[in-house]
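Topology and contacts: notes
Spelled out from the first residue to the last, the chains are:
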Amino acid sequence: MNPLIEFCINNLASGSQEAREILEKDPDLDIIEYGCLSNCGLCSQSLYAIVEGDRVIADTPKELVDKIYEHLEETL
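In this report, the structure presented in the accompanying data block is examined. As the structure is a prediction and not an experimental result, all values here were calculated from the model.

Enumeration according to the criterion identifies zero disulfides in this entry. Not engaged in a disulfide, the cysteine cysteine 8 finds its nearest cysteine sulfur in cysteine 43; these two sulfurs lie 4.0 Å apart. The class for cysteine 8 is buried, based on a relative accessible area of 2%.

Structure, rendered in structure tokens:
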């Protein structure tokens with residue numbers, strides 16, 4: 001089973017779409033988009049994704065991708 005990366009559709013519209021597009025090219029990841037992940041305060045202030053149940057936060061799409069891969073290396 002591949003690691004699960006979850007995105008909020010509102011956060012995708014705020015800038016994390018670019019990160020999602022990069023991550024979707026990795027066949028070893030499962031990417032899911034939800035209407036809302038109930039992290040509205042966080043969602044309005046920064047880019048983020050839920051990686052295997054943990055929040056990963058960044059300021060730019062590239063930083064988000066890098067932090068997601070770092071988190072996966074540390075936890076898997």
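It is the contact of helix 1 (residues 9-24) with helix 3 (residues 61-75), at a shortest axis distance of 8 Å, that shows an interaxial angle of 45°. The pairing of helix 1 with helix 3 is recorded here as oblique in orientation. Seen along the crossing, helix 1 lies across helix 3 with a hand that is right-handed. Facing helix 1, whose interface residues are Gly15, Ser16, Glu18, Ala19, Ile22 and Leu23, helix 3 presents Pro61, Leu64, Val65, Ile68 and Tyr69. Grouping the amino acids of the contact of helix 1 with helix 3 by side-chain chemistry returns eight nonpolar, two polar and one charged.

Turning to the sheet that holds strand 2 (residues 30-34), a few remarks are in order. The sheet built from four strands is open, its strands ordered 2-1-3-4 with mixed pairing. In this open sheet, the two strands that pair with only one neighbour each are strand 2 and strand 4 (54-58). Taking the axes of each pair of neighbouring strands and ignoring which way they run, one obtains an average angle of 30° across the sheet. Relative to strand 4, strand 3 (residues 47-51) is paired through five bridges, and the arrangement is antiparallel. Among the inter-strand pairings, valine 51 is bridged to a residue of strand 4, identified as aspartate 54.

Once that is clear, we can look at the pattern of salt bridges. Side chains bearing opposite charge may pair, as long as their charged atoms lie close to each other. Taken as a whole and judged by the stated rule, the model has four salt bridges. Across the pair arginine 20 and glutamate 24 runs a salt bridge, and its minimum N-O distance is 2.9 Å. One end of the pair, arginine 20, and the other, glutamate 24, are both in helix 1, four residues apart, so they sit about a helical turn from each other. It is possible to trace a salt-bridge network through shared partners that takes in Arg20, Glu24 and Glu33.

Definitions and limits used
Counting restarts for each chain: residues are numbered from 1 in the order of the written sequence. Local features in this predicted model are restricted to residues of pLDDT 70 or higher, and side-chain atom pairs are both shown and tallied only at a pLDDT of 80 or more, whereas totals for entire chains, interfaces and linings draw on every residue. Water and hydrogen atoms play no part in the side-chain values, which are based on all heavy atoms of the structure. We call a pair of cysteine sulfur atoms a disulfide when they lie within 2.5 Å. Per-residue accessibility, obtained with a 1.4 Å probe over protein chains only, is compared with the maximum for each type, and a residue is labelled buried under 20%, exposed over 50%, and partly exposed between these values. Axis definition: a line fitted to C-alpha atoms, over the contacting stretch in the case of helices. Angles run 0 to 180 degrees between N-to-C directions. A helix here means a DSSP run of H or I that spans at least four residues, while a strand means a run of E at least two residues long, and both kinds are numbered starting from the N terminus. We call two directions roughly parallel when the angle between them is under 35 degrees, roughly antiparallel when it is over 145, roughly perpendicular when it lies between 65 and 115, and oblique otherwise. Take the far helix as the reference: if the near one is turned anticlockwise from it by less than a right angle, the crossing is left-handed, and if turned clockwise, right-handed. Any two residues having at least one pair of non-hydrogen atoms within 4.5 Å are treated as being in contact. Each residue gets one of three labels, nonpolar for Ala, Val, Leu, Ile, Met, Phe, Trp, Tyr, Cys and Pro, charged for Asp, Glu, Lys and Arg, and polar for the others, Gly among them. Whether two strands pair comes down to DSSP finding at least two bridges between them. Here a salt bridge means any side-chain nitrogen of Lys or Arg lying within 4 Å of a carboxyl oxygen belonging to Asp or Glu.

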